[in-house]
Amino acid sequence: MNLMEGKRGVIFGVSNTHGIAYGIAKQLYDAGAEIAFTYAGEVMEKRVRPIAEGMNAKVIMSCDVTKEDEVKAVFDAVEKEYGKIDFVVHAVAFAKREDLTGEFINTSKEGWDIAMGVSAYSLVTLARNAQPIMNEGGSILALTYLGGEKVVPSYNVMGVAKAALESASRYLADNLGKYGIRVNCISAGAVKTLAASGIDGFGKMLKAAVLKAPLKRNVSLEDVGKTGLYLLSDLSSGVTGEVIHVDCGCHCVYTSSDEMEMLTK
């Protein structure tokens, strides 16, 4: 029997086959899970629908995660199709491009509100609407990044939003624990995705990660997907309120020997 056989859930945020959300979806599907997919508007539907149909999705819906009525409509449709569900993946983040360049101090109030609403508060909205139809032992997973813990050049307001997301996941873990529902985050290392391309100097971030990482490579979608599978399966039944780093060890190194050698040349 496959690890996720008989398990059903929803992924918010798959946008193409090169993203982290897809890496997780593929691992879940290959392990036997049934997955419902959402997309943000007509443009994204053209990308997401073929992926969802390729994984035999029975629910494929548009959803703006900043609108609670749309989130509720998704979970209503999922409940009608599947009854109870076992997992939810939050892979949604957005900040205005101009707030991902220059200095954080110049972040506009509008840019702050947009980044926080889409990237952090939406996890609260998803959890609130998912809880009534989640089985005991269910799991909610959100995606974060090291920029929520430490300063990363040009990550700016998104780093602050990720910090809020991580904190929210801990409070949600406490709130939902009494229902047997777990809430965790994956802090993935730099991966060449469509979303990451909007970060100024992202290519340099990839090179810097290789220098710093103990494993001396960038993380892969498969690496992150496997950890997602673990956190969404019964294998992690005692794990909640955690931020698990999948970054080839970057987060644990202050300065690598390679970097020190470069500085002394």
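Keep in mind that what you see is a predicted model, and the values were worked out from it rather than measured. (Residues numbered from 1 in each chain as written. Predicted model: local features only at pLDDT ≥ 70, side-chain atom pairs only at ≥ 80, totals over all residues. Heavy atoms only, no water.)

Let us look at the packing of aromatic side chains. Under the defined criterion, the tally for this structure stands at 2 aromatic pairs. Aromatic pair Phe12 and Phe75: ring centres 5.7 Å apart, planes at 40 degrees, arrangement tilted. A residue pair is termed long-range when its members are at least 10 positions apart, and Phe12 in strand 1 (residues 8–12) and Phe75 in helix 3 (residues 68–82) qualify at 63 residues. For the residue pair Phe12 and Phe75, the accessibility class agrees, reading buried in each case. (Phe/Tyr/Trp six-rings, centres within 6.5 Å; stacked < 30°, edge-to-face > 60°. Helix = DSSP H or I, 4+ residues; strand = E, 2+ residues; numbered from the N terminus. Buried < 20%, exposed > 50% of the residue type's maximum accessible area, 1.4 Å probe, protein only.)

This part covers the nonpolar core. The biggest cluster of nonpolar side chains holds 40 residues, and the ones touching the most others in it are Ile11, Val14, Ile24, Leu28, Ile35, Phe37 and Ile186. Taken together, the elements giving at least two residues each to this core come down to helix 1 (20–30), strand 2 (34–39), helix 2 (41–54), strand 4 (85–90), strand 5 (134–144), strand 6 (182–188) and helix 7 (221–232). Per element, the largest residue contribution to this core is 6 residues, and it comes from helix 1. Residues Val59, Ile133, Leu165 and Cys185 belong to the second largest nonpolar core, which totals 32 residues. (Core = buried A, V, L, I, M, F, W, Y, C linked by side-chain atoms within 4.5 Å.)

Here the focus is a nonpolar patch on the surface. Judged by side-chain polarity, Leu3, Tyr230 and Leu235 come together as a nonpolar surface patch covering roughly 270 Å² of accessible area. By secondary structure assignment, the location of Leu235 is in the loop between helix 7 and strand 7 (243–246). Taking relative accessible area as the criterion, Leu235 reaches 57% and is therefore assigned exposed. (Patch = residues over 30% accessible without salt bridge, like charges linked within 9 Å, V, L, I, M, F, W, Y side chains within 5 Å. Areas by Shrake-Rupley, 256 points an atom, 1.4 Å probe, with all protein chains shown as cover. Salt bridge = Lys/Arg side-chain N within 4 Å of Asp/Glu carboxyl O.)

Bringing the packing of helix 4 (residues 109–130) against helix 5 (residues 156–176) into the picture now. Interaxial distance between helix 4 and helix 5 falls to 9 Å at its minimum, and their mutual angle equals 15 degrees. Overall, the two elements helix 4 and helix 5 adopt an arrangement that is roughly parallel. By crossing handedness, the relation of helix 4 to helix 5 is classed as right-handed. Of the residues in helix 5, those in contact with Trp112, Ala115, Met116, Ser119, Ala120, Leu123, Val124 and Ala127 of helix 4 are Val157, Met158, Val160, Ala161, Ala164, Leu165, Ala168, Ser169, Leu172 and Leu176. Split by residue class, the contact of helix 4 with helix 5 holds 16 nonpolar, 2 polar and no charged. (Axes fitted to C-alpha atoms, helices over the stretch in contact; angles between N-to-C directions. Parallel < 35°, antiparallel > 145°, perpendicular 65-115°, else oblique. Left-handed = near helix turned anticlockwise from the far one by under 90°. Contact = heavy atoms within 4.5 Å. Nonpolar A, V, L, I, M, F, W, Y, C, P; charged D, E, K, R; others polar.)

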